[in-house]
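Read off the chains here:
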Amino acid sequence: MAAANYHRSEDQFLCSICLDVFNDPVTTSCGHNFCKNCLTEHWNTSDQYNCPLCKKVFNTRPELHVNTFISEMVGQFRDKAQQEASSSRSELQESKPGEVLCDGCTGTKLKALKSCLDCLVSYCETHLEPHLTASRLKRHQLIDPVENLEDRMCTKHDKPLELFCKTDQTCVCTLCSVLDHKTHEFVPLKEEYEEKKAKLEETEAEIQQMIQKRQLKIQEIKHSVDFSKGDADREMAEGVQVFTALKESVERGKAEFIDTIEKKLKTTEKQAEAFIKELEQEICELMKRRTEVQQLSCSEDHLHLIQRVPSVTVTPVFGGWSFRGLNPCQLLYERTLKKAVAQLEETLSEEMKKLVPAELKRVQQYAVDVILDPDTAHPDLILSYDGKQVHLGDVSNKVPNNPKRFSYCVNILGKQSFSSGRFYFEVQVKGKTEWDLGVAREFSKRKRTISLSPQDGFWSIWLRKRNQYEACTNPPVRLSLKCRPEKVGVFVDYEEGLVSFYNVDSAAPIYSFTDCSFRMKLLPYFSPGLNEGGRNSAPLIISPVSVK
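Quick caveat, the model's predicted, so the values are computed rather than measured.

## A few points about the confidence of the model for the protein
In the predicted model, the protein carries a mean pLDDT of 82, and the fraction of residues at 70 or more is 85%. Element-level mean pLDDT values for the protein span from 57 in helix H9 (residues 330-340) up to 96 in strand S23 (residues 540-543). The low-confidence segment residues 1-8 (pLDDT under 50) makes nine contacts with residues lying over four places distant or belonging to another chain.

Structure below.
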């Protein structure tokens, strides 16, 4: 008899010879119990009649009688054990919500292990056995259990859907391929399944990238708000210093100045809060979409995946990401301040002289290391070894004519490109009679006459003969400078749409382009100008930024 595992409290029902539950238990005169067959066989193979447990010897072979009391207790124990085993099996096999049920069960519906595409029936372990043993049923196509098996049959020919028609983008049976779709292109469902699954994985990767971009954007916005608060504090402190130096007549102006900045900060915080909320909602939607894609990608059900792919691979359309933090621009600052102190122009002028260096210091903290890009240089330009200086040579260099190179105007761009944030660089223009400085769009014109204007992707200023300084707009704006700059600083705030130029030595602003629409990457732009018979032979030099 096979041995079984039982609790220690049930050892009293075990035979000490076979170690199994008693079968026809008998009792010896010494009081020990054994299975009748076990004890009989023991005595048949032994030279004497003794108790296998205590070894007591009997003179004659005892007559064995079944102990009815113990037999009844063993019977009750067997019934209980069978009920517990049956209950345990039912708990293991019984279906859970959302699982496919066995169509063959008449009582409690158990969980189906397989579905048959030929029978259109789902089977549990017990009812599946004929499909695993009967030769005729072994040829049936079994799949993981699914609901609505009738949806897997061709409604016209009552055949399983086994092919995918690429022409009509639909699942068909074998008869459809030779009747209704005979001129179409077909592939097995599995092949289309693999293709769709690969696309789902690509979609999931794209969604994940979108989520990451939005998460990064949220961090940028939060940083922008924090930085805006710092800007607001600095502007407020400087404004208070200006208004304190004025008479009582400008106190109203001081209040207006503070109120303007505080309102702008509050507006920015509200806009940031709304924008973050919108992005978080988009992230939730994308996570939901990613979960759907992951679940669908894990499916081994060819038909279900193919039919569901179109609804989950459509990329949702979201709003734009344009956000501008609080960066009180020069025009807003000067307009508010000058309005408040119009009657005290002389005093205000003295206070402004104190503020301009502070403004230059603030933009200098965004200094970047700009290096000239030889691939963009006009053939007549000569660059220094370190890529920091450029001047016009006497002869053209033999260089490849690539799409990036300026071929008509003696221009050159920096290697670094910028598509967000703020950056600043300084260029020495000492000793020159002509030069251009500024920034340009990445894909600005290179091969013909260039109109230096924002409409053509250039934000720059230049110096021409007779000390003529102009902002390159359409038409150009003549600039009146109190002193000739020897070093020019260029500052760009991409999100704010701002390009500002400064005379570094006097810390005076030269000109600002505001409300610019960049739309693509920006690169630093330079032109050393023509030689003018040697009068303009000095190079443009990109200088290291030194905050005073």
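## Comments concerning a nonpolar patch on the surface
On the surface, Leu175, Val178 and Leu179 cluster together to form a nonpolar patch covering roughly 250 Å² of accessible area. Structurally, valine 178 can be placed in helix H5 (residues 174-178).

## Some details on the pattern of salt bridges
Tallied over the full model, the rule gives 15 salt bridges. With a shortest N-O distance of 3.2 Å, lysine 166 and glutamate 195 are connected by a salt bridge. Of this pair, lysine 166 sits in the loop between strand S8 (163-165) and strand S9 (170-172) while glutamate 195 sits in helix H6 (residues 189-245), and the two are 29 residues apart along the sequence. The partner of arginine 214 in a salt bridge is glutamate 282, and the shortest N-O contact between them spans 2.6 Å.

## Concerning the nonpolar core
With 36 residues, the main nonpolar core has Trp435, Val499 and Phe526 as its most contacted residues. Among residues more than four places away in sequence, those in contact with phenylalanine 526 are Val370, Leu372, Val410, Asn411, Ile412, Gly414, Phe425, Val427, Asp436, Leu437, Leu540 and Ile542. In terms of nonpolar packing, the next biggest core, distinct from the first, is built from 18 residues, Leu200, Ile218, Phe275 and Leu305 among them.

## A few points about helix H1 (residues 36-44)
Because an α-helix completes one turn every 3.6 residues, residues spaced three or four positions apart along the sequence face the same direction. Buried residues of H1: Cys38, Leu39 and Trp43, and no others. Seen from one end, H1 has its buried residues packed into an arc of 125°, which puts them on one side. Those residues of H1 that are exposed and angled more than 90 degrees off the buried face are Asn37, Glu41 and Asn44. On the buried face of H1, the contacting elements are strand S1 (25-27), strand S2 (33-35), strand S3 (49-50) and strand S4 (57-58).

## Remarks on the sheet that holds strand S16 (residues 458-464)
Read across the sheet, six strands follow the order S13-S22-S15-S16-S17-S18 without closing on themselves; strand pairing throughout is antiparallel. Edge strands, defined here as strands with exactly one partner in the open sheet, are strand S13 (412-413) and strand S18 (477-479). Where S13 lies against strand S22 (residues 522-527), two bridges are found, and the strand directions are antiparallel. From the neighbouring strand, isoleucine 412 faces S22, where its bridge partner is phenylalanine 526.

## What to know about the packing of aromatic side chains
The tally for this structure, following the rule as stated, stands at 11 aromatic pairs. On the numbers, 5.1 Å between centres and 80° between planes, the contact of tryptophan 459 with phenylalanine 518 is edge-to-face. Residue tryptophan 459 is found in strand S16, and its partner phenylalanine 518 is found in the loop between strand S21 (508-513) and S22; the two are separated by 59 residues along the sequence. Considered together, tryptophan 459 and phenylalanine 518 belong to a single accessibility category, that of buried residues. Seen in terms of ring centroids, tyrosine 511 and phenylalanine 513 are 5.0 Å apart; in terms of plane orientation they differ by 80°. Their pairing is edge-to-face. By relative accessible area, which is 5% here, phenylalanine 513 ends up buried. Lying over the aromatic face of phenylalanine 406, arginine 446 brings its terminal NZ or CZ to 5.3 Å of the ring centre.

## Quick look at the side chain of arginine 441
With respect to the helices, strands and loops of the structure, arginine 441 is situated in strand S15 (residues 435-441). Nearest to the buried, unbridged arginine 441 among oppositely charged side chains is aspartate 456, at 7.1 Å. Polar contacts involving the side chain of arginine 441 include one to the main-chain carbonyl oxygen of phenylalanine 518, which spans 2.8 Å.

## Some remarks on the environment of cysteine 38
Tracing the backbone shows cysteine 38 in helix H1. Between the C-alpha atom of cysteine 38 and that of isoleucine 17, which follows or precedes it by 21 residues, the distance is 6.6 Å.

## Description of a negative patch on the surface
Together, Glu194, Glu201, Glu202 and Glu206 line one region of the surface with negative charge. Locating glutamate 201 in the fold gives a position in helix H6.

Definitions and cut-offs
Residues numbered from 1 in each chain as written. Predicted model: local features only at pLDDT ≥ 70, side-chain atom pairs only at ≥ 80, totals over all residues. Heavy atoms only, no water. pLDDT = per-residue confidence, 0-100. Helix = DSSP H or I, 4+ residues; strand = E, 2+ residues; numbered from the N terminus. Contact = heavy atoms within 4.5 Å. Patch = residues over 30% accessible without salt bridge, like charges linked within 9 Å, V, L, I, M, F, W, Y side chains within 5 Å. Areas by Shrake-Rupley, 256 points an atom, 1.4 Å probe, with all protein chains shown as cover. Salt bridge = Lys/Arg side-chain N within 4 Å of Asp/Glu carboxyl O. Core = buried A, V, L, I, M, F, W, Y, C linked by side-chain atoms within 4.5 Å. Buried < 20%, exposed > 50% of the residue type's maximum accessible area, 1.4 Å probe, protein only. Arc of directions from axis to C-beta. Pairing = 2+ DSSP bridges. Phe/Tyr/Trp six-rings, centres within 6.5 Å; stacked < 30°, edge-to-face > 60°. Lys NZ or Arg CZ within 6 Å of the ring centre and 35° of its normal. Lys, Arg positive; Asp, Glu negative; His and termini not counted. Polar contact = N/O pair within 3.5 Å; in protein donor to acceptor, adjacent residues only side chain to side chain. Charge placed at Lys NZ, Arg CZ, Asp CG, Glu CD.

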